[in-house]
Structure formats: C-alpha cells, structure tokens
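# Descriptive structure summary
Listed below, chain by chain, are the residues.
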Amino acid sequence: MSARYTHARAILGPEMSERLPETKVLLVGAGGIGCELLKNLVLAGFGQITLLDLDTIDLSNLNRQFLFRKKDVKKSKAMTAAQTAGPFNPNVHLHPIHGNIKDPQFDMEWFRGFDIVLNALDNLDARRHVNKMCMATQVPLVESGTAGYLGQVQPLLKDRTECFDCISKPTPKTFPVCTIRSTPSQPIHCIVWAKSYLLGQLFGEDEDAGGELDEAEKQGENAQEIATLRKEAQAFKAVRSALRSKDKSSNAAKMAFEKVFNSDIRNLLSMSDMWRSRAPPVPLDFDAVKKGTFVLRGISATGPATNGSAKGNSNGHAATNGQSGASGSGLKDQRALSLQENLALFVSSTERLAARLRAGEETILFDKDDDDTLDFVTAAANLRSAAYGIAGKSRWEIKEMAGNIIPAIATTNAIVAGLIVLQAMHLLKKSYNTLRNIHLQFKPTMPLSAVMISPPNMSCGICRNTYTSVQCDPTRVTLGEVVKGILDGSEREVSVYEAQRVLSDPDWDDNNERTLESLSVTRGKFLTIVDEEGEVATVEVGICSLPANHSGGPLILPSPLPDPPRKVKVTVPPPSTPPKKRAAPDDEEVTELEPAMKRLKTNGTAEPNLYTPSKKRRLEDDGLVLLEAPNEKVEDDDIIEVD
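The structure displayed is predicted, hence computed values, not measured ones. (Residues numbered from 1 in each chain as written. Predicted model: local features only at pLDDT ≥ 70, side-chain atom pairs only at ≥ 80, totals over all residues. Heavy atoms only, no water.)

## With respect to the overall build of the chain
- Secondary structure summary: the chain contains 18 helices and 16 strands in total.
- Buried positions account for 43% of the 643 residues belonging to the chain.
- Considering only residue pairs separated by 6 or more positions, the chain has 66% of its internal contacts joining residues 24 or more positions apart. (Helix = DSSP H or I, 4+ residues; strand = E, 2+ residues; numbered from the N terminus. Buried < 20%, exposed > 50% of the residue type's maximum accessible area, 1.4 Å probe, protein only. Contact = heavy atoms within 4.5 Å.)

Right, here's the structure in full:
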C-alpha cells in the first residue's frame, strides 16, 4: 500500500483500509460542506466517488468554498470541484454530475449502486427526497447542515435509526398575496414584493400574474382587492413597453415609479374599508422626492430614511433603515439610505436593467450576486416601506433576506465535514452502537455534543412504509397490472396514490386499465398502495426502467414480493402521577347507600329508547333495521327479521 495511506491505515485498521478503494460513495451537494467533504473523502482514500450538484458557482461562494476560483464563476460546481480535487489523490475515481437529484434517472436502481450516501444540501425538499430514496433502498445516509457557528451531523439507517422525516420540520414561511401586494406590515413583505412581484412584472415573463391571483381567489382572499390588483397588472404593459423601447426619451424609470408608488397607492386608498383598522400608505411624488422637498411623516426626503411609522423608537425619533445612527455612518452596503437616495438608486438600477433588455436579454431574474437586480430590489423595497410607514433595511440586510442567505462560516463547514466522515466509517463498519447525532454548539465549555441515536418513529409516513420496485415499460403496463402483481392475489381492499393524487380506490377503479405513462407515473416516481382497513403497512412501489437488452414482457415484478407487516397500534400510557384527590374519610364518617338505578331516556313515551340515533344510523348502514317495539311489524319482503 502507498505511503499516502499510512496514517489512514493506522487509524482505520487494515480491513477498513482495504475496503475504502472499492467503496462507492454518493456525495450530494458541492457547496460549503460539500467542498470540505470531497477533500476529506479523496484524501482518506475513498476510491469511487459520485458528486452531484445542480448549482453553479457564485461570486459570494469564493470566501468559503475553497475548491473554486474567480475564473470559475458561473461554471458547474460539481464539475469544477471534481477537477480541482482530483489531483489531491490520483487513485480516486471521481464521477461529477451536473444535475438535479430529483431527476427521474436517479431512481431506486441507481441509488442501490452506492454503499453510502452523504448529504451536503441546503434544500429541505431535496433532503427529504434523498432521505426517502435511502429508506427505500436501505442505503446508509449521513445528513448534515450548518448555520453560522452551529452544525449537525446525523447518521440515518432504515429500521435502526429515526429518518429525516421522523421529526416534522418547519415549513418555509409564505405570505398571502393580498398582504404582499396591498397591505404590507413588515420589511420582509416589501422585500418579497420587490423581488418576486415587481422585478418580474417589469423585467420578467409574467405580464399579468393571473395565475397567482386566481389561486388567491380560490383561497378566499378579498375579492375587491384581487379585482383592483388585476387592473394594476394590466397597467404594467405600458411600462414594460417603455422599458424595452429604444427611445430613451420615454423616461421609463419615472413611469414605473409613478405607476407603482403613486397611482397604485391612490387606487388602494380609494377602498376606504381597507384602512379602517390600519394606517393608510402615503403616495410618493417623484419630482418632489428628487428635489428634496417631499416631506414624509415629518421627515425630509434628504434626511435619514424614516421608512418607519410614527411609533418610531423609544426615544421618540422615527426608525431609520434598520439602524439607529445617522445615514452616513457604517460601510457602504450597511448604511441607511435617505428617501432621495433610494429614488436615485431606483432610477439608476431601472435604467441599467432596461439597457440589458434592449441589448437582447429576454428576461431578468433576481440574483443576490447581480448588482443590478439587488440595487433594484433594495430601492423598490425601501420606497414601498417608506410609503407604508415600515422600517426600511440596508442593502446588506436586503441581500441577506432576499437571497435567503444562511450565515456560513468556513471553519464550521470543515468541522462538520470531518464529523460526517467519522459517522460514515461507523456505518460502513456496521458499528451501530457507536453511531451518534453530533451537534456543534455555540458553547465554549462544550462545543460538541454527542447524542445517542433515536429509534424510528412508529407513526412516520416515510421510514415505516414497505418499499419495493418494479422494472417496466410505462407505455405498455397498466396500473391494474402493477397493483395486482404486487398484491399477489390478496383480497385486501386498497387505494393507490402517486404523490398527492388518488389513482384508484375500492369504489373507483376507472384508471386500472390505463397505462402508467397516461397517468404520468413514470421512471423515478412511486406508487403508494394503502390498505383501506389500516391494518397493514403501506407499500411504496418505485418505478424503474427495464434492463438493457431486455426481451421479455413489459413488467418485471420484484422477487420476493413485498410482505408488509401488520401495523402495531400505539397506545398512550396512563399518566405516571395519579390525579390529586381529597383524602378518604374515616370509616365512621361513611354512610352506605344503595346504588340508584340509572334512569333511561324515554323520549316522552312509556318505552325507553335503547339505542342512540348514531348507533341506529350505524346499524342501518350495515343493513340492519331497528324496531321501536317487539310487536312492530316489518312489511318489506326484502327484510329478514332476526332476534
């Protein structure tokens, strides 16, 4: 063995060292953690590494993702990382893929080709997908994440540890359309409006945002507001035309400003009911703000941007752009901008973006590393905040909020990457008793916390399911053929789903004769077979392609067929401490009474009613008819009387 691996051999032992060159690793993510982790894997001697990432390199990545250089900006992260890390160890075979882990070709058969999967993702949806694929294929997974000085490493293995979805995760924050478009009350509302709505309306593809408004209408949001918003969206067409016009005298930036910060606000003010319980916005005057004569809530346009309400700070002064000091202090991106400065930035960024459209760029999307779009969102968000009496933000703060930036520190990434490799070694050696959930904490006395792994959550809808896969031609195989084959003649009543779609149930089998392709059930997707009685575990069937050069039928069923276990009902244990009761009285104080007979309800008749309406209804659903009295006669010939 090469001297390169002497130290690794001494630490890992001869057996593990011999296995590493043949170990097949899937590393998902080539960002902050991924770069550090790839370096560790290559130097440790893992011989077969597949690196997958969808992203490209941004300028802001270079401070911590050390495998990239400035010349690599806009290139594929996976490809560039592999090219840079490859020379660290010529004996390692790197296979970079620039793609999305959720693409259909990365199905169960593809995942089964790896010995271990290492996650270095910053995307909740992708993490859940990888977790499900590893649970389905029983491939060990090491999950990880960092946020500033905090970090976590979690080894996951089906039936031995909890999975990523055993504990519910907070869902990303969303806001109602009418809040964003009509009644913002927080800085984030104005930032989302500038980034996701205004930028797209002026420089993107969507001219009327009809789909978003249709969905808001279905959700029951204010119909009058939505009608007004539809008119506003239509009025953007003239502004869009001016931005794309070669005629520079059109003054498109001023048109956009007056449309958004004056006309639209006046339209909203006409709906008086909307402002009965909230402070109304103030329309902005372009020329007055530009000249410095516009006064907003007692503050001059040239003074520190109040962008705040009359509430202001505790000292009675209006809040400034996220800061309490004067606008001139601090770094350029971190200082507060006055209303006049925000207007100048709005005009400047709008003209720059318009020039890009005239030069042939079809659509412009927000990118936190694109100065033009960041300047536009900063200015537009702060102008809107000013109109609505909301505290504004600095360019730095808006970049962080609009770009969904999670603070990242290179040292934290390096520590977490090392811990991932250690937990991966335990999984590969099957030393399950040594597995730990590791937490990197902001505590000088205990920076690392190792916690015993938790068992699976018995009610988890991911790792408690039974997984299998079929190889088939979706253009020729029907839904009924797959379900019948998996059930293997079982008479159980089942419902079949794909994601959130119901494909069939015991009372509706119209789709059973349709091909999988016609139902959009293709490679990489799952059919979920749910037992109607809830007595047997759910079966998830992964759809995979037929083997190359296959000459048989269009469907290959798994062997053996899945045998889902019976569900174990989880009983809630009684409380450990008995309820507080009064002390029992002495025997002398007790007077024995005869138990009173429970009084039966008579409904005003002599005969008691022995059945509640709900019980009567349930029995009738089962085909039984209750008689009110023993001598009541049943005239229907189709009814059989029973005692």
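## Quick look at the packing of aromatic side chains
- Inspection of the entire model under this criterion finds 13 aromatic pairs.
- Summarising the aromatic geometry, the rings of Trp193 and Tyr197 are spaced 6.4 Å apart at their centres and angled 40° between planes, so their arrangement reads as tilted. Linking Trp193 with Tyr197, this pair stays in helix H8 (residues 187–203), spanning four residues, or about one helical turn.
- Residue classification places Trp193 among the buried positions, given a relative accessible area of 3%.
- By way of ring pairs, the aromatic residues Trp193, Tyr197, Phe203, Phe257, Phe261, Phe286, Phe346 and Phe376 are connected into one cluster.
- If you follow Arg384 out to its NZ or CZ, it ends over the ring of Trp193, 4.2 Å from the centre. (Phe/Tyr/Trp six-rings, centres within 6.5 Å; stacked < 30°, edge-to-face > 60°. Lys NZ or Arg CZ within 6 Å of the ring centre and 35° of its normal.)

## Some thoughts on the packing of helix H13 (residues 339–358) against helix H14 (residues 371–388)
- Where H13 meets H14, the axes come as close as 8 Å, and the angle between the chain directions of the two elements is 140°. Taken together, the axes of H13 and H14 are oblique relative to one another. Taken as a pair, H13 and H14 cross one another with a handedness that is left-handed. Taken together, the residues of H14 that come into contact with H13 (itself represented by Leu339, Asn342, Leu343, Leu345, Phe346, Ser349, Thr350, Arg352, Leu353 and Arg356) are Asp371, Asp372, Thr373, Asp375, Phe376, Thr378, Ala379, Ala380, Asn382, Leu383 and Ala386. (Axes fitted to C-alpha atoms, helices over the stretch in contact; angles between N-to-C directions. Parallel < 35°, antiparallel > 145°, perpendicular 65-115°, else oblique. Left-handed = near helix turned anticlockwise from the far one by under 90°.)

## With respect to the sheet that holds strand E12 (residues 494–498)
- Taking strand neighbours across the sheet as the criterion, the six strands line up as E13-E12-E14-E15-E11-E16 in an open arrangement whose pairing is mixed. Each edge of the sheet is formed by a strand with only one pairing partner; in this case those strands are strand E13 (501–504) and strand E16 (555–556).
- Contacts from helix H17 (residues 479–487) reach strand E11 (466–472), E12, E13, strand E14 (526–531), strand E15 (539–544) and E16, with the element oriented near 55° to E14. (Pairing = 2+ DSSP bridges.)

## As for the pairing of strand E3 (residues 93–98)
- Where strand E2 (residues 48–53) lies against E3, six bridges are found, and the strand directions are parallel. The partner of Thr50 across the bridge, within E3, is His95.

## A short note on the environment of Leu121
- Residue position: Leu121 is located in the loop between strand E4 (116–119) and helix H6 (124–137).
- C-alpha separation for the pair Leu121 and Gly34, spaced 87 residues apart in sequence, amounts to 8.0 Å.

## Quick look at the pattern of salt bridges
- The final tally for this structure, using the stated rule, is 31 salt bridges.
- Asp72 is the partner of Lys75 in a salt bridge, and the nearest nitrogen-oxygen pair spans 3.8 Å.
- Here Asp72 falls in the buried class, since its relative accessible area comes to 4%. (Salt bridge = Lys/Arg side-chain N within 4 Å of Asp/Glu carboxyl O.)

## As for helix H11 (residues 252–269)
- Over its 18 residues, H11 extends 25 Å from the first C-alpha to the last, a length consistent with the 26 Å expected when each residue adds 1.5 Å.
- Lys259 marks where H11 bends most, by close to 35°.
- Among all positions of H11, only Ala252, Ala253, Ala256, Phe257, Lys259, Val260, Phe261, Asn262, Asp264, Ile265 and Leu268 are buried. (Expected span 1.5 Å × (residues − 1). Bend = angle between axes of the 7 residues up to and from the residue.)

## What to know about the environment of Glu362
- Structurally, Glu362 can be placed in the loop between H13 and H14.
- A C-alpha to C-alpha distance of 8.3 Å links Glu362 and Glu205, two positions 157 residues apart in sequence.
- Sequence-distant contacts of Glu362, defined by excluding residues within four places in its chain, comprise Phe203, Arg244 and Leu357.

Treat this as a map of the structure, not an account of what it does.
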